[in-house]
Each structure stands twice: as structure tokens, then as C-alpha cells.
Amino acid sequence: MPYPKTHPNASVFEDMSDDYTSLSTFGAHVSTPLTSSEALASLVSSDDFRAAETLRKEMVVHHVPIPHDSVYLRAALHAITERRPKGTPKERLERFEAWLSLAPERHEKWDSFYDIRERIFRAMDHLNLALVHRFGLVLASKGYYSGNAAMQVVATLARYARPLLVQNYLWELEDRARDYYSRRDRSLPADRFVAVYNLAARTQAIAGKAEAALQLLSIARSRGVQMSEFTLNIVAKHAPDRQHTIGHIRNIHPSWSMSDMVSPDAHVSEATSSEHANETMVLAARLRYLRNAFRSPSPPSPYVLHNFITSYQALGRTRTRTHTHSTTHPGTRIRTRALTFLRALAYRHSPKSASTWAFTEMLHHRQRKEPVHTLLVFFQHFHLVGIPRKTVLSHIRGPRCQEERKNGVQRLCVPPYPMEEKLWPSAYHTAVVWDALVSLSTKTERKRLYSLLLALAEQSKQRESEASQSRDRVTLQLPQNTYDAAHFSPFVSSWARQDPGKALAVLRDMAGLGIEPGVVQWSIVARGYAQHGDPVIALRILDQLEVVEMDQIKRGAEDAPRRPSDVLLGTYTNVLRGLVIAGDVERAREAEKRLVERLGYRAGDRPATDVSIGLLRALEARLVQ
């Protein structure tokens, strides 16, 4: 049918009136779909990181540009903090780098990267050098080749990574910075890497890498980087061979004046005082020695520092109450501020000094039988390596920690000193941690801890063997976690009191791992056999230790006098006390006879030995009655 030819009759419609206009509505809202970049930013903002990662990969495959945005720092942080990480460590590292690359460049919007740095350098259980390496290179490509974040990366790599990798990193750092400037049609300033090279050389020198620091000085000169007088002085001051290092530096920098050099012997002689010297003056002299030692390349011994702290606290408690209202007493200021002053000096000087102070704090809490606080000090200062991480965290967060705090347990200095990054622990630190864990463990937990220690020691031995055979010196590698006899001592001690045969088995395990048991471990086993097992075995152990001791004395000098060490005398004392407690008078008399005839012991030489002999006399008197 054809269409009608007549026009529609408009009279059927009403005219627009006020009634219609008052009820009229706006047109339907037209929703504009988000672009892929906006969708990506929205997913990250809503913490839907898995969907965001899928979308990011699709955009990369289809070459869809992604504008820089600070919101992507949240995704980068999530890549290294997720509790149940997806993928291999390499994939997580690549995911972190990809998200971090989407952050704004320095000229677009400056950022401190505080949250990421806090996670990498302070909150991680262990130091991930590969992550630190990637983080620094991405920062350099965005213009952050200097500044706090970049310097923190340089210092960490210089302290822990292989020297050749540090050199390669500095060269790549320069290349990334030049690319950044070339994208902006600008030239890289000539002095931009002076601070970077100076910091790397100083850090290597303080970390004991003298040859690497000297090599870096040569590289810096060949690349036109001017090293400061301060850096040259630090390298020379921390070198083991001072004369060789000074000569090498003079060849590289003939104009070096050594104006700021500190005499290496300025701290060597420890101040002493006469018997009638005032206790406050003695403390002040010891404080001056510790201050000079912390300012030198070699920090003081932790045991010397611990003895000072013990004396300081004992004197401070009595004298502070006496002179509470005194304004003229010369020692008041020292007693109220000495520890805080020494701690700040140790933390500011070098990681080695900070590590010394932390170890002293751990010794302090161990002596006071506060094992949880010993673990807390370790947790706040060091990466959780060489120890059972989950067990340490469970004790720190458990009720025992709250109980110790309620009982008034406090740190040496309050509040804790703010640290930029955690330190790498030594075998001394981890051995104290294992001792604290054994003291906190039950019988079943102790067996599990010992099995874990054996596994870790075996892994460490295997890695050392692989590292010695490997020729690859460019790969990232942290210091090895070493295990010595001190790590096994708490297990030997705990089992010697119940089953000496089990303690002896620990010594066999040590020998199987290539760890030679020391006199301390043998002394503990001998005491266990004397008090809880077979005293004949205890006396045989004494015979063997005496033979070893005498052989060492003869090897030291041909005409060396027959003077046994304090450790051997302590072992005899331990066995003597164990025999007395077990009530074995006959063998206790034999041990005393050996002390006098073989070791030449005389009454009054050692208070602990005199006490053990006194216990023997009391036992003999009771038997006579």
C-alpha cells in the first residue's frame, strides 16, 4: 500500500501549556565509558590489584600508552607486601618494576617514595638486594639519581653487594640519568654524581672493603668525578694497611693534604685510675674512652661497653637519689645523659658502631634474664636472617612480651633511636637469639628448633661451597649466614642437665658440619656427666682437654711455662661442682687433686673454684657426721 498523501492533523495535539512545562523532565543521562587508562587507575584506587595487573598487561600488549600517575605507587608497594604473593620471586620483582615505572618523573611531580623505602629497608624480614637494585635503577630513569632515596640505595649496595656489581650499578646509574635528561632535551650537569661516588667509596671503606674503595677512587678520577677531602680521609682512616692506602691515594690525588686525618692511636689507651680515685671520675674517664672509640674506625668491644653500662646504672641509681636537688654536683649531667649520648654517637658514626650498640643491648637483657626483650632488640635492628623468623615473631607478639613490659622491663635508652635501615646481623647476634629462643622453648619446641638449626647450618655450608666454586662475581650476593659453636651451646647446656648422652650427640653433629666444638661446649658436657651421668666419662673429658691445652701451649713457644688457661680451670671447677652436687666425694677429691697437682692451682686464684672446694669440704663434713 502506498503511504498516505495527506499531512497528519496537528489539531489532535494540545498546545504546550504551563501544566506541561512544570512537569517536564531532563533527558536521559548519557554515560561516557571510561578510557582504559582511567579504568586502570580506578582499579588501583579501589585496591583491585589483580584485575589491574591483568588490564595493565593487556594495555602493554596492545601498545596502549599509560599516563604517569602517583596512584600506581600503591600497586608497586602491593607487589612487595602482599601476604600471599602470586608468581615466582622474579615475576614479583618484574611486577614491582612495571608499576613503579608508571609513577610520575621528577620534573612532573616530586615524590619521596617513603612507603616503599620503609618497606624495603626497614620492614622486610630480610634484605632483598635484587629489589634494592631494581628500585634504584627505576628511580634513576625518572630523574631520582641523587637525593635521599637514591643515596640509600647506593649505600646499601656498597655495603653488602660485590664490588664489581657496585661499579656496574654506578655506570648504569649514569646512563639512566643521561637518558632522562636527553628526553627533556637537556644536558646532564657535570657534578651530578660527585655525591654518589663519594658516598659509595666511604661506605665501602667503613664496611671493610678497602681495596674496593681504592678501585672506586681510580674509577671516579677516570670519569672526571671529583672526590672530596673528607672521603679520602675516611678511606685512609679505615684501611687495614694505612701506609699502602695513603700512598695509593696520593698517586690518584696528588693534591690531597690529609688535613682532617685523625690519629689512629687517639683512642687506643684506655683511661685508668688509681685505687683511691673517685667513682664518678672513673666513670667519666671510661666515658671519654668510649666516646673516642666510637668516633674511630674500630668501635669498642661490646663487653667493655656492657661493663660500663652496668657500672653506670649501679652508680646512677644510688647517686641520682642522693643528688636529686643538687645543681653543683659535677657528675650529675654525665649520669643522666651518658647512655643517650653514646647511643646517638654509635648510630650516627657507622653501621658497625650501631651493630656494636645493639649487641650490647642484647647482652644487657640476656644478663637480666629478659629473653623476649633480647629478641625485640634484634628485631628492631637487624634483618631476620640466620634465625627462625616465625618463632621470633610469635614471641615478640605473644603474651610474654606484654608480661615483661608490665613488670617494668625497659630498654637502655627510651625512645628507640630512629634507624633509616636495618642491619645485617653477625654470628654473634644470631647466637644470642638462639640462646633466647632455647630459654623460651618447651621440650618439644626445643627439638624442632634444633632440627631447624641443623638444616640452616647445612644450607650455609652448601652455599659457601657453591660460592667458592662459582666464578660469577657480578651477581648480587649478600654476606653468608655463618654458624659457629656458640649457636649450639644453648642446646648442649639444656640437654646436659637431663641427658648428657644427647648433649654429646650435639657435639658429634657439630663435627659432622665442620664446626669444631670448643672448650666451653666440652665443659658443659663434662659437667652434665659429672652431675647426672657417668663421672668416669667426665674425668676422661678433662684428660683430653688438658692434653689439647698443653699442646697449644707448647706450639706457642718452645720454653713456654705450663700455665693452663682460665677456660680449662673453669672446666675443672664445673666438673668438681657437679661431682659435689651428685654426692660423689671420691671423684670430687680426685678432681681437686688434679687441680692442685696438674694445673698448679692455689687457694685464692679463682673465687669460683674456691667456692666449689668449700662445697666439697662441707660435703665431707656431713658424711663424717
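Residues numbered from 1 in each chain as written. Predicted model: local features only at pLDDT ≥ 70, side-chain atom pairs only at ≥ 80, totals over all residues. Heavy atoms only, no water.

- The protein chain is annotated in an unreviewed UniProt entry as Pentatricopeptide repeat-containing protein of Paxillus involutus ATCC 200175.

Things to note about the pattern of salt bridges
Here the idea is simple: oppositely charged side chains can pair when their charged atoms come close.
Link 1 in the chain: Per the stated rule, a full pass over the model turns up 21 salt bridges.
Link 2 in the chain: Glu370 is the salt-bridge partner of Arg368, the closest N and O atoms lying 3.0 Å from each other.
Link 3 in the chain: Arg594 is the partner of Glu590 in a salt bridge, and the nearest nitrogen-oxygen pair spans 3.3 Å. Of the two residues, Glu590 and Arg594 are both situated in helix H28 (residues 585-597); the distance of four residues between them amounts to about one turn of the helix.
Link 4 in the chain: On the basis of relative accessible area, Arg594 is assigned to the buried category, the value being 9%.
Link 5 in the chain: Through salt bridges with shared partners, a single ionic network connects Asp543, Glu546, Glu590, Arg594 and Arg598. (Salt bridge = Lys/Arg side-chain N within 4 Å of Asp/Glu carboxyl O. Helix = DSSP H or I, 4+ residues; strand = E, 2+ residues; numbered from the N terminus. Buried < 20%, exposed > 50% of the residue type's maximum accessible area, 1.4 Å probe, protein only.)

Some words on the environment of Thr310
Link 1 in the chain: For Thr310, the location among the structural elements is in helix H15 (residues 302-322).
Link 2 in the chain: Along the primary structure Thr310 and His364 are separated by 54 residues, whereas in three dimensions their C-alpha atoms are 8.3 Å apart.

A look at the packing of helix H19 (residues 389-396) against helix H21 (residues 427-440)
Link 1 in the chain: Close contact between H19 and H21 brings their axes to 11 Å; oriented N to C, the two are set at 60 degrees. The crossing of H19 and H21 is left-handed. Every residue of H21 that contacts H19 at Thr391, Val392 and His395 is listed here: Val433, Leu437 and Leu440.
Link 2 in the chain: Residues that form the contact of H19 with H21 fall into these classes: four nonpolar, two polar and no charged. (Axes fitted to C-alpha atoms, helices over the stretch in contact; angles between N-to-C directions. Left-handed = near helix turned anticlockwise from the far one by under 90°. Contact = heavy atoms within 4.5 Å. Nonpolar A, V, L, I, M, F, W, Y, C, P; charged D, E, K, R; others polar.)

Some details on the confidence of the model for the protein chain
Regions with low pLDDT should not have their predicted coordinates read in detail.
Link 1 in the chain: Looking at the protein chain as a whole, the pLDDT averages 83, with 86% of positions reaching at least 70.
Link 2 in the chain: Within the model, the stretch residues 317-335 combines pLDDT values under 50 with 18 contacts to residues more than four positions away or in other chains. (pLDDT = per-residue confidence, 0-100.)

Brief notes about the nonpolar core
Proteins that are soluble and globular tend to have nonpolar side chains buried together.
Link 1 in the chain: Grouped together as the largest cluster of nonpolar side chains are 90 residues, with contacts concentrated most on Phe308 and Trp357.
Link 2 in the chain: Every residue in contact with Trp357, bar those within four places of it in the chain, is listed here: Phe294, Leu305, Ile309, Leu339, Leu342, Arg343, Ala346, Tyr347, Leu412 and Cys413.
Link 3 in the chain: Listed in part, the 81 residues of the second largest apolar core include Leu73, Trp99, Tyr197 and Ile252. (Core = buried A, V, L, I, M, F, W, Y, C linked by side-chain atoms within 4.5 Å.)

Focus on the environment of Asn292
Link 1 in the chain: Structurally, the position occupied by Asn292 is in helix H14 (residues 279-294).
Link 2 in the chain: Judged by its relative accessible area of 29%, Asn292 falls in the partly exposed class.
Link 3 in the chain: Through-space distance from the C-alpha of Asn292 to that of Leu345 is 9.9 Å; in sequence the pair is 53 residues apart.

A closer look at the packing of aromatic side chains
Link 1 in the chain: Tallied over the entire structure, the rule returns 18 aromatic pairs.
Link 2 in the chain: Seen from their ring centres, Tyr303 and Phe359 are 6.3 Å apart, and the 85 degrees between their planes marks the pair as edge-to-face. Here Tyr303, found in helix H15, pairs with Phe359, found in helix H17 (residues 351-367); they are 56 residues apart in sequence, far enough to count as distant.
Link 3 in the chain: Given the relative accessible area of 48%, Tyr303 is considered partly exposed.
Link 4 in the chain: Three or more aromatic residues link up through ring pairs in this structure, and these residues are Trp434, Tyr450, Phe488, Phe491 and Trp495.
Link 5 in the chain: The ring of Trp99 has Arg56 sitting right over it, with the charged end atom 5.6 Å from the ring centre.
Link 6 in the chain: The ring centre of Phe379 lies 4.4 Å from the NZ or CZ of Lys422, which sits over that ring. (Phe/Tyr/Trp six-rings, centres within 6.5 Å; stacked < 30°, edge-to-face > 60°. Lys NZ or Arg CZ within 6 Å of the ring centre and 35° of its normal.)

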